[in-house]
Amino acid sequence: MATPALMRNYARTDLAFDHGEGAWLTATDGRRFLDFAAGIAVCGLGHAHPRLVAALREQAGKLWHTSNLYRVPGQERVAERLVANCFADSVYFCSTGLEANEAALKMARKVAHDEGHPDKDRVIVATGAFHGRSFASMAATGNPKHMAGYGALLDGFDRVPFGDLEAARAAVTDRTGAIFVEPVQGEGGVRPPPEGYLRGLRALCDERGLLLILDEIQTGIGRTGTLFAHEHAGITPDILSAAKGLGGGFPVGALLATERCARVLTPSSHGTTFGGNPLAMAVAEAVLDEVLAPGFLEHVRRIGATLGEALNAVVADHPGVLAEARGLGLMWGLVCTVPNTDLIAACRDQGLLLVPASGNVARLLPPLIIDTPEVDAAIAKLRAACATLTT
Ligand SMILES: *Cc1c(COP(=O)(O)O)cnc(C)c1O
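Residues numbered from 1 in each chain as written. Predicted model: local features only at pLDDT ≥ 70, side-chain atom pairs only at ≥ 80, totals over all residues. Heavy atoms only, no water.

Caption draft 1: Representation of the domain arrangement of the protein chain in the model. With domains assigned, the protein chain is organised as domain 1 (17–48 + 295–390) and domain 2 (63–291). Here the C-alpha centroids of domain 1 and domain 2 sit 27 Å apart. The interface of domain 1 with domain 2 comprises 27 residues on the first partner and 26 residues on the second. Buried area between domain 1 and domain 2, both sides added, is near 2,200 Å², and the carbon and sulfur share of it is 63%. Between glutamate 187 and arginine 363 there is a salt bridge, with the nearest N and O atoms lying 2.9 Å from each other. (Domains from an automatic or database assignment. Contact = heavy atoms within 4.5 Å. Buried area = accessible area lost by both parts, 1.4 Å probe. Salt bridge = Lys/Arg side-chain N within 4 Å of Asp/Glu carboxyl O.)

Caption draft 2: Focus on a nonpolar patch on the surface. A cluster of nonpolar side chains, contributed by Phe135, Tyr150 and Leu153, occupies part of the molecular surface with about 320 Å² of accessible area. The residue tyrosine 150 is located in the loop between helix H6 (144–147) and strand E6 (157–160) in this model. (Patch = residues over 30% accessible without salt bridge, like charges linked within 9 Å, V, L, I, M, F, W, Y side chains within 5 Å. Areas by Shrake-Rupley, 256 points an atom, 1.4 Å probe, with all protein chains shown as cover. Helix = DSSP H or I, 4+ residues; strand = E, 2+ residues; numbered from the N terminus.)

Caption draft 3: Local environment of helix H13 (residues 372–389). The end-to-end C-alpha distance of H13, which contains 18 residues, comes to 26 Å, matching closely the 26 Å that a straight helix rising 1.5 Å per residue would cover. By the burial criterion, the buried members of H13 are Val375, Ala378, Ile379, Lys381, Leu382, Ala385 and Cys386. One side of H13 holds all its buried residues, which, seen down the axis, span an arc of 165°. Away from the buried face of H13 by more than 90 degrees, exposed residues Pro373 and Thr388 are located. (Expected span 1.5 Å × (residues − 1). Buried < 20%, exposed > 50% of the residue type's maximum accessible area, 1.4 Å probe, protein only. Arc of directions from axis to C-beta.)

Caption draft 4: Region of the structure containing the pattern of salt bridges. As enumerated under the stated definition, the model contains 22 salt bridges in all. Taken together, the shared-partner salt bridges connect Arg51, Arg81, Asp289 and Glu290 into one network.

Caption draft 5: Up close: the environment of phenylalanine 274. Residue placement: phenylalanine 274 occurs in the loop between helix H9 (259–262) and helix H10 (278–291). Sequence-wise, phenylalanine 274 and valine 287 are 13 residues apart; in three dimensions their C-alpha atoms are separated by 19 Å. Residue contacts for phenylalanine 274: discarding those within four places in its chain leaves His65 and Ser95.

Caption draft 6: Representation of the site of the ligand. All residues in the neighbourhood of the ligand are listed as Thr96, Gly97, Leu98, Asn101, Phe130, His131, Gly132, Glu182, Asp215, Ile217, Gln218 and Lys244. Leucine 98 places a polar main-chain atom, nitrogen or oxygen, 2.8 Å from an oxygen atom of the ligand. With respect to the ligand, the side chain of glutamine 218 contributes an N or O atom lying 2.8 Å from an oxygen atom. Taking 380 Å² as the accessible area of the ligand by itself, protein coverage stands at 82%. Class assignment for the residues of the shell around the ligand results in three nonpolar, six polar and three charged. (Near = heavy atom within 4 Å. Polar contact = N/O pair within 3.5 Å; in protein donor to acceptor, adjacent residues only side chain to side chain. Nonpolar A, V, L, I, M, F, W, Y, C, P; charged D, E, K, R; others polar.)

Caption draft 7: Unusual backbone geometry, seen in detail. Not every positive phi belongs to a glycine, and valine 190 is a case in point at roughly 50°. For valine 190, the location among the structural elements is in the loop between strand E7 (176–181) and helix H8 (197–208). Of note, isoleucine 221 is a non-glycine position whose phi angle comes to about 55°, a positive value. Its place among the elements puts isoleucine 221 in the loop between strand E8 (211–215) and strand E9 (239–242). Accessibility expressed as a relative area gives 4% for isoleucine 221, which makes it buried.

Caption draft 8: How the structure looks around the layout of surface pockets. Reported here for the second largest pocket is a volume of approximately 570 Å³. Lining the second largest pocket we find 23 residues, and of these Asn68, Gln75, Val91, Tyr92 and Phe93 sit closest to its centre. Those elements giving two or more residues to the lining of the second largest pocket turn out to be helix H3 (73–85), strand E4 (90–94) and strand E10 (253–257). When residues of the lining of the second largest pocket are assigned to their parent elements, the largest contribution, four residues, is made by E4. Taken together, the residues of the lining of the second largest pocket break down into 11 nonpolar, 10 polar and two charged. (1 Å grid on protein atoms, 1.4 Å probe; cavity = no way out; pocket = protein on both sides within 12 Å on 5 of 7 lines; lining within 4 Å. Points joined across faces, edges and corners; volume = space filled by probe spheres on them.)

Caption draft 9: A look at the sheet that holds strand E12 (residues 331–336). Read across the open sheet, the four strands follow the order E11-E12-E15-E14; overall the sheet is antiparallel. Each end of this open sheet is capped by a strand with a single partner; those strands are strand E11 (322–328) and strand E14 (355–357). Neighbour to neighbour, the strand axes of the sheet diverge by 30° on average, direction disregarded. Pairing of E11 with E12 involves six bridges; the strand directions are antiparallel. Counted as the bridge partner of leucine 322 is cysteine 336 from E12. The strands that helix H11 (residues 296–317) touches are E11, E12 and strand E15 (361–364); relative to E11, the one it contacts most, it runs at about 170°. (Pairing = 2+ DSSP bridges. Axes fitted to C-alpha atoms, helices over the stretch in contact; angles between N-to-C directions.)

Caption draft 10: Spotlight on the side chain of glutamine 59. The residue glutamine 59 is located in helix H2 (residues 50–60) in this model. Residue classification places glutamine 59 among the buried positions, given a relative accessible area of 15%. Only 2.8 Å separates the side chain of glutamine 59 from the backbone oxygen of leucine 63, close enough to count as a polar contact. Sequence-distant contacts of glutamine 59, that is, excluding residues within four places in its chain, are made with Trp64, Pro278, Leu279 and Ala282.

This is the structure:
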């Protein structure tokens, strides 16, 4: 077979979309789908949100890109919005999730170095993690399927079971500089940690002088019902990576940090050409205007609880298909007893889009703007899909 013009690095479904509106997508063949994938937790405001469309159109007619050789007023505004609404003192912009994680890991090493401990260059990471596909983020992820064939990995990661505070404590050595986890694992199967885990990690970091780095690329920007998921635990990290939801579909990544950490990124120590360009910042500013508007996050918590209750009822009614529903806000995972790909295909046949995850899980990551009608429609489609799989 001839090599296709497009590389084969994705197992794509034979389905393409022409346009979207809110939580709905229309395929090129005219079929409509209720989008509970949202571009993998990216399109938090749904498709073709009027405010985002207007922001991008307006900026597109003015200025696209000037580079980081000059001030970018949009970066200053978005950074100020973020800083005013979370733990961070300072923000760096990039374009993707793995870039934010790469910067986070570089920052952790440089903090140790600049504070006189260059030997504290190791990072404790968790089993089942997903942090991206660069050499550093792939090594932090530690998934053998992702690493096969790529040769020597970046060294410096010590892996412990996710959710096991005592294992993390036991893994700390004189070489440890940081602990790096997702507050709720996404690709790992929508796994919220046990109660007290994040608080325990924060205390451990304080006790041993370590940095707590949180990967909130999937959980951030309102996905779990707070701007960032760590807020549920009542703790703050030292460094946080964000991306996915921040641009609502436009590529934006961000590294957020406390003053102690941010100060190590001095001129020429790190950077990227496209990071925080005017188009990206115009959209991110509009996203934050919406997500931080009074009532928005309350809405996510309320509709998320409604979705969770409804999912639990479906699980109870279809034990031959589903074993468990778990999640937070509008980030839910269905642990399947049939292959998760069968459930996802059956849902797609009913016009409902879901996302697979590890541990035989089907993820529901709907746009944060959904309301009762979309939940009702999704549950009806899920029930219909389960019925087709019940023998
Ligand atoms: C998606 C994701 C990443 C990687 O982001 P990319 O933009 O694909 O590089 C990293 N961490 C988490 C938790 C993610 O969900």
